[in-house]
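Below are the chains, spelled out letter by letter.
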Amino acid sequence: MENNTWIVRVQGKEYGPVSTEALREWKLEGRLIRENEIRSVEENRWIAAGELSEVFSDEPPPIPQLAAQPKSWRQIFRETIRIYRAGFWRLILFGLLSAVPIFFLQSTFPNVALPDLTSVQSLSAVQPISLPPLSIGIFIVLLALWPVSVAGMQIVADDIFRERTRSFGDQFLLAL
């Protein structure tokens, strides 16, 4: 197929038109896999993306594995240390995405005296806590950044494991 513009269909949603070069980038990012459907903008016939040799020619079809090869504790520990050492600063930066809002949330949260739960009278005297708007805002920021933080750490570890080099900015954008 010699077309350079494609439509990609994933779970019923269509994306594109995109160039063949964009499809190659999506493949490298893991956004396009062999099983996704694609079609030329000039045609109506959908094919598996793995059939497009311009994008998947460098990668042999995956061989199904019935079971993963077991690793010893020593191998797991060694690989963990390698990933930690190679990605230390990036892992720290992604960790700070959730740690900094948690710190500020703790510093803005009101001090609340715990009630005496041994008597029924003290239970009826419990007053509701009113949160300052700043605490609520920081909590919302934390909820937004936490998944990015976790995804970023996973992307850094995966890149190191697969010996793939990406800039921190590219990893951050993928995490978003």
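Residues numbered from 1 in each chain as written. Predicted model: local features only at pLDDT ≥ 70, side-chain atom pairs only at ≥ 80, totals over all residues. Heavy atoms only, no water.

1. Considerations on the overall build of the protein chain
Note the cut-off: Think of it this way: any DSSP run of H or I at least four residues long counts as a helix, any run of E at least two long counts as a strand, and we number them from the N terminus. A 1.4 Å probe rolled over the protein chains alone gives each residue an accessible area, and that area as a share of the maximum for its type sets the label: buried under 20%, exposed over 50%, partly exposed in between. Contact definition: two residues touch when any of their heavy atoms are within 4.5 Å. Per-residue and other accessible areas follow the Shrake-Rupley method at a 1.4 Å probe size, with only the shown protein chains counted as cover for residues.
Each helix and strand in the protein chain was counted, giving 7 helices and 4 strands. Put simply, the protein chain runs from its N terminus to its C terminus through helices and strands in the order β-β-α-β-β-α-α-α-α-α-α. Residues counted as buried form 26% of the 176 residues belonging to the protein chain. In the protein chain, the proportion of contacts linking residues at least 24 apart, taken out of those at least 6 apart, comes to 60%. Total accessible area computed for the protein chain in this model is approximately 13,000 Å², and 61% of it derives from carbon and sulfur atoms.

2. Considering the nonpolar core
So the rule is basically this: Here, nonpolar core means buried Ala, Val, Leu, Ile, Met, Phe, Trp, Tyr and Cys residues that are tied together by side-chain atoms lying within 4.5 Å of each other.
Membership of the largest hydrophobic core comes to 13 residues, with the highest contact counts inside it found for Val8, Val18, Leu23, Leu32 and Ile38. Of all the elements in the fold, those that place two or more residues in this core are β1 (5-10), α1 (20-29) and α2 (53-56). For this core, the element with the highest residue contribution is α1, accounting for 3 residues. In contact with Val18, not counting residues within four places along its chain, are Asn4, Thr5, Trp6, Val8, Leu23 and Trp26. Phe94, Leu97, Ile160 and Ala175 belong to the second largest nonpolar core, which has 10 residues in total.

3. As for the packing of aromatic side chains
Spelled out, the test is: Ring pairs are drawn from Phe, Tyr and Trp, using the six-membered ring of Trp, whenever the two centres fall within 6.5 Å, and their geometry is named by plane angle: stacked under 30 degrees, edge-to-face over 60, tilted for the rest.
Under the definition given, this model contains 6 aromatic pairs. Each ring, one from Phe88 and one from Trp89, has its centre 4.9 Å from the other, and the planes form 85°; the classification is edge-to-face. In textbook terms, an aromatic cluster arises when at least three aromatic residues are bridged by ring pairs, as seen for Tyr84, Phe88 and Trp89.

4. Looking at the side chain of Gln171
Here is the rule: Throughout this description, a polar contact denotes any pair of N or O atoms lying within 3.5 Å of each other; where both atoms belong to protein, one of them has to be capable of donating a hydrogen while the other can accept it, and for residues adjacent in sequence the pair is counted only when both atoms sit in side chains.
Relative to the elements of secondary structure, Gln171 occurs in helix α7 (residues 168-175). A polar side-chain atom of Gln171 sits 2.7 Å from a polar atom in the side chain of Arg90. Apart from residues no more than four positions distant in its own chain, Gln171 is found in contact with Arg90, Phe94, Ile155, Val156, Asp159 and Arg166.

5. Some details on unusual backbone geometry
Even without glycine at this site, Gln11 takes up a positive phi of about 50°. As for its position among the elements, Gln11 is in the loop between β1 and β2 (13-19). Of note, the phi angle at Glu163 is positive, near 55°, even though the residue is not glycine. Within the secondary structure layout, Glu163 lies in the loop between α6 (133-161) and α7.

6. Concerning the sheet that holds β1
We count it as follows: Paired strands, in this sense, are two strands between which DSSP finds at least two bridges. Only the stretch in contact is used when fitting a helix axis, every axis being a line fitted to C-alpha atoms; angles between N-to-C directions are given from 0 to 180 degrees.
Spatially, β2-β1-β3-β4 is the arrangement adopted by the 4 strands of the open sheet, whose pairing is antiparallel. Unpaired on one side and paired on the other, β2 and β4 (47-48) mark the two borders of the sheet. The pairing of strand β3 (residues 37-40) with β4 spans 2 bridges and is antiparallel. Following the sheet pairing, Glu37 is matched in β4 by Ala48. Here α1 sits on the sheet in contact with β1 and β2, set at roughly 120° to β2.

7. Looking at helix α4 (residues 88-108)
In plain terms, the rule: Helix span, expected: 1.5 Å multiplied by one less than the number of residues in the helix.
Between its first and last C-alpha atoms α4 spans 30 Å; for 21 residues at 1.5 Å apiece the expected length is 30 Å, and the two agree. Among the residues of α4, Leu91, Phe94, Gly95, Leu97, Ser98, Pro101, Leu105 and Thr108 are the ones counted as buried. On its buried side, α4 packs onto α3 (73-86), α6 and α7.

8. Examining the packing of α4 against α7
The test is simple: Oblique is the label for any angle not under 35 degrees, not over 145, and not in the 65 to 115 range, which are roughly parallel, roughly antiparallel and roughly perpendicular in turn. When the near helix sits turned anticlockwise from the far one by under a right angle, the crossing is termed left-handed; a clockwise turn instead gives a right-handed crossing.
Remark: α4 packs on α7, axes separated minimally by 12 Å, with the N-to-C direction vectors making an angle of 40°. When the axis of α4 is compared with that of α7, the two are oblique. By crossing handedness, the relation of α4 to α7 is classed as right-handed. The segment α4 lies against α7, with Arg90, Leu93, Phe94 and Leu97 engaging Phe168, Gln171, Phe172 and Ala175.

By themselves, these figures tell us nothing about what the structure is for.
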